[in-house]
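# A closer look at the structure
Letter by letter, the chains look like this.
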Amino acid sequence: MSRSPPTAPTPCAVDFLPFSRIFARVRQTPSAAPAPQGSLAVPIANVQLRLRIGGYANPLSVPRDHHFLPRFYLSRWIDPGIGELWEYSRPRDLVVVRRRSTKGTGKQEHLYSIAGEVDPQLREQVELRLMSPLDNVAAAALDHIERTKQRPTDIALRDGWARFVMSLLHRSPRRLAYLENLIRNHIVETTPEDEATYQALRRPEDPPTLSRVFADADETRLSRSRAVLLQSLVDSTMIGNAIVLMSWSIIQLSKPKHGLLTCDDPVLMSNGLDHDRSFIALPVGPDRLFLAANRQDVIRAFADQDSAALERAFNDAVCQQADQIVIGRSNQHRKFVENRLGRGEPPHNGGLGGRYTWAAPLL
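Going along each chain's sequence as written, the residues are numbered from 1 onward. pLDDT decides what is reported in this predicted model: residues at 70 or higher carry local features, side-chain atom pairs at 80 or more are listed and counted, and totals for whole chains, interfaces and linings draw on all residues regardless. Computation of side-chain values covers all heavy atoms of the structure but excludes hydrogens and water.

## Quick look at unusual backbone geometry
Filter applied, for reference: Under the DSSP-based scheme used, a helix requires at least four consecutive residues in state H or I and a strand at least two consecutive residues in state E, with every element numbered from the N terminus. Throughout, exposure labels follow a simple rule: accessible area from a 1.4 Å probe, protein chains only, divided by the maximum for the residue type, with under 20% read as buried, over 50% as exposed, and the rest as partly exposed.
Phi angles above zero are rare outside glycine, and K149 is one such case at about 65°. Assignment of secondary structure puts K149 in the loop between α4 (125-148) and α5 (155-170). Here K149 falls in the partly exposed class, since its relative accessible area comes to 41%. Located in the positive-phi region is K255, a residue other than glycine, with phi close to 50°. Tracing the chain through its elements places K255 in the loop between β6 (247-252) and β7 (262-263). Residue K255 is classed as exposed on the basis of its relative accessible area of 82%.

Here is the structure:
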């Protein structure tokens, strides 16, 4: 795959349900993994609302480590010979390879925490009420997609997976730093829908508009503003609509050499989602990847590639796009990762919202 210049996506018309409704449905779906108890009827934007999260009644059980790469996702790269996976990083000049458990990598302490909240359940509510339930939905959805090799007909699973892919675009430490910079420099533009949601939740002492919240952000408000913005991006109807209208597939590699890699920024996407060559790709194991595209010939263009060439191309792209870590099932990627991790140029002009974009292998 080659990099490509960015264009902006356009909205599509489809019933992409709000996350609160999706999670309510999935909790009743037999195949869904269990999730923390608690109401999701109020958006995460209402970061000051005092709610009780029943599944975490004991403050000691409120998580401090927040996984930007969920453990269900990381578990797909466990080396069966050691019961752990292999993490590649470059803390200094040379790449270091370490054995890690799924608990010990792809995470950062208090990554999504809301500053200024003393109550741990309120401080960690982005993790408790957004990321953790979202990951549970995604685990069930991926099981279904792998069994059927197509987009789920169940709306809860379909939209849950689309929303999970969107979350991976924005939940990493590098991406959150990028979002904070937008807020600090007053670059964020709010939509009428964002403002209407804020007005419905605003307290008398809060700023009059959501854009004012972003503009006035001190360190405490910056943290709260970031939570609002993160929820808005993960719940984007425009991007969600585009993804659920695409054709979905799982591409299986035959006899991979050392296996596909993943990283702390694992979603590879085209320069916009509104054109004939649009696609989104995500490695979902060392021998398979999830692919969504607007046209079947784009999916075929990937699927028809020589397996070894496809493995190398995706691993090359993953390593170039990675920020701090690359994950593999094998410890045989050292030289490959050494030549790529941290060696690429950053996206020109911020890329598509600060992201790399890639071109499909079409003639």
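Moving on from the model shown.
## Focus on the sheet that holds strand β11 (residues 325-328)
To be explicit about the condition: In this scheme, strands are said to pair when DSSP sees at least two bridges between them.
Taken together, the four strands give an open sheet; going across it, the order is β4-β3-β11-β7, and neighbouring strands pair in antiparallel fashion. Among the strands making up the open sheet, the edge pair consists of β4 (96-100) and β7. Two elements, strand β3 (residues 85-89) and β11, share four bridges in a ladder whose sense is antiparallel. By the bridge assignment, Y88 is partnered in β11 with V326.

## Here's the deal with the sheet that holds strand β9 (residues 279-285)
As a reminder, the rule being used: A contact between two residues is defined here by any heavy atoms of the two lying within 4.5 Å. For every element, the axis is a line fit to its C-alpha atoms; helices are fit only across the contacting stretch, and the angle between N-to-C directions ranges from 0 to 180 degrees.
Across the sheet, four strands lie side by side as β6-β10-β9-β8; this open sheet has antiparallel pairing. Every interior strand has two partners, whereas the edge strands, β6 and β8 (268-269), have only one. By the bridge criterion, two bridges tie β8 to β9 in an arrangement that is antiparallel. For M269, the partnering residue across the bridge sits in β9 and is I280. The sheet contacts of helix α11 (residues 296-303) involve β6, β9 and β10 (288-293), and relative to β6 the element is tilted by about 10°.

## Overview of the packing of α4 against helix α9 (residues 219-234)
Between two packed helices, the angle of one axis relative to the other and the distance separating the axes together describe the packing. What counts is decided by this rule: Convention used here: angles under 35 degrees read as roughly parallel, angles over 145 as roughly antiparallel, angles from 65 to 115 as roughly perpendicular, and any remaining angle as oblique. Crossings are classed by handedness, with left-handed meaning an anticlockwise turn of the near helix from the far one by less than a right angle and right-handed meaning a clockwise turn. In the scheme used here, Gly and all other residues not listed as nonpolar or charged are polar, with Ala, Val, Leu, Ile, Met, Phe, Trp, Tyr, Cys and Pro taken as nonpolar and Asp, Glu, Lys and Arg as charged.
Where α4 meets α9, the axes come as close as 12 Å, and the angle between the chain directions of the two elements is 20°. As far as their axial angle goes, α9 and α4 are roughly parallel. Helix-helix and strand crossings are classified by hand; for α4 and α9 the assignment is left-handed. For the pair formed by α4 and α9, the contact residues are V126, L130, M131 and L134 on the first element and A227, L230, Q231 and V234 on the second. The residue makeup of the contact of α4 with α9, split by class, is seven nonpolar, one polar and no charged.

## Quick word on the pattern of salt bridges
What counts here: A side-chain nitrogen of Lys or Arg and a carboxyl oxygen of Asp or Glu constitute a salt bridge if their distance falls within 4 Å.
Scanning the entire structure with this criterion turns up 22 salt bridges. Close ionic contact of R295 with D297 constitutes a salt bridge, the shortest N to O distance being 2.1 Å. On the basis of relative accessible area, R295 is assigned to the partly exposed category, the value being 29%. Relative accessible area serves as the criterion here: at 23%, D297 is assigned to the partly exposed category. A salt bridge links E338 to R343; its shortest N-O distance comes to 3.7 Å. For R343, a relative accessible area of 53% corresponds to the exposed category. Connected through shared salt-bridge partners, R76, D143, E146, D287 and R288 make up one network.

## Looking at the confidence of the model for the protein
Using the following cut-off: Each residue carries a pLDDT value, the predictor's own confidence for that position, ranging from 0 to 100.
Within the protein, residue pLDDT values average 81, and 79% of them lie at 70 or more. Note that residues 5-14 has pLDDT below 50 and, in this model, 27 contacts with residues that lie over four places away or in other chains.

## Structural notes on the packing of aromatic side chains
Rules: Any two rings among Phe, Tyr and Trp, with Trp reduced to its six-membered ring, count as a pair given centres within 6.5 Å; such a pair is stacked if its planes are under 30 degrees apart, edge-to-face if over 60, and tilted if neither. Geometrically, a charge over a ring is one whose NZ (Lys) or CZ (Arg) sits within 6 Å of the ring centre while staying within 35 degrees of the ring normal.
In the structure shown here, the tally under the stated rule is eight aromatic pairs. With centroids separated by 5.2 Å and ring planes inclined at 35°, the aromatic side chains of W161 and F164 adopt a geometry described as tilted. Here F164 and W161 lie together in helix α5, a separation of three residues that amounts to about one turn. F164 shares its class with W161; the two are buried. Between Y356 and W358, the aromatic rings sit 6.3 Å apart at their centres with planes inclined by 35°, giving tilted as the arrangement. W358 shares its class with Y356; the two are buried. Among the aromatic side chains, those forming a connected cluster through ring pairs are F72, W161, F164, W248 and F290. Taking the ring centre of F336 as reference, the NZ or CZ of R340 above it sits at 3.7 Å.

## Re the environment of R329
Applied cut-off: Whenever a nitrogen or oxygen atom comes within 3.5 Å of another N or O atom, the pair is scored as a polar contact, on the condition that within protein one atom can donate a hydrogen and the other can accept it, and that pairs from neighbouring residues in sequence are kept only if both atoms are in side chains.
With respect to the element layout, R329 can be found in the loop between β11 and α13 (334-338). Accessibility expressed as a relative area gives 32% for R329, which makes it partly exposed. Between the alpha carbons of R329 and W86 there is a distance of 5.9 Å; along the sequence they are 243 residues apart. Filtering out sequence-adjacent residues up to four positions away, R329 remains in contact with R76, W77, I78, D79, P80, W86 and P286. A distance of 3.0 Å separates a polar atom in the side chain of R329 from the backbone oxygen of R76. Separated by 3.3 Å, the side chain of R329 and the backbone oxygen of I78 make a polar contact.

## Some remarks on α5
Filter applied, for reference: Here, expected helix span is obtained from the residue count minus one, scaled by 1.5 Å.
Taking 1.5 Å per residue as the helical rise, α5 with its 16 residues ought to reach 22 Å, and the 23 Å between its terminal C-alpha atoms agrees with that figure. Within α5, 15 of the 16 residues are buried, which leaves the element mostly enclosed by the surrounding structure. Where α5 begins, the side chain of D154 points an oxygen toward the backbone nitrogen of A156, at a separation of 2.9 Å.

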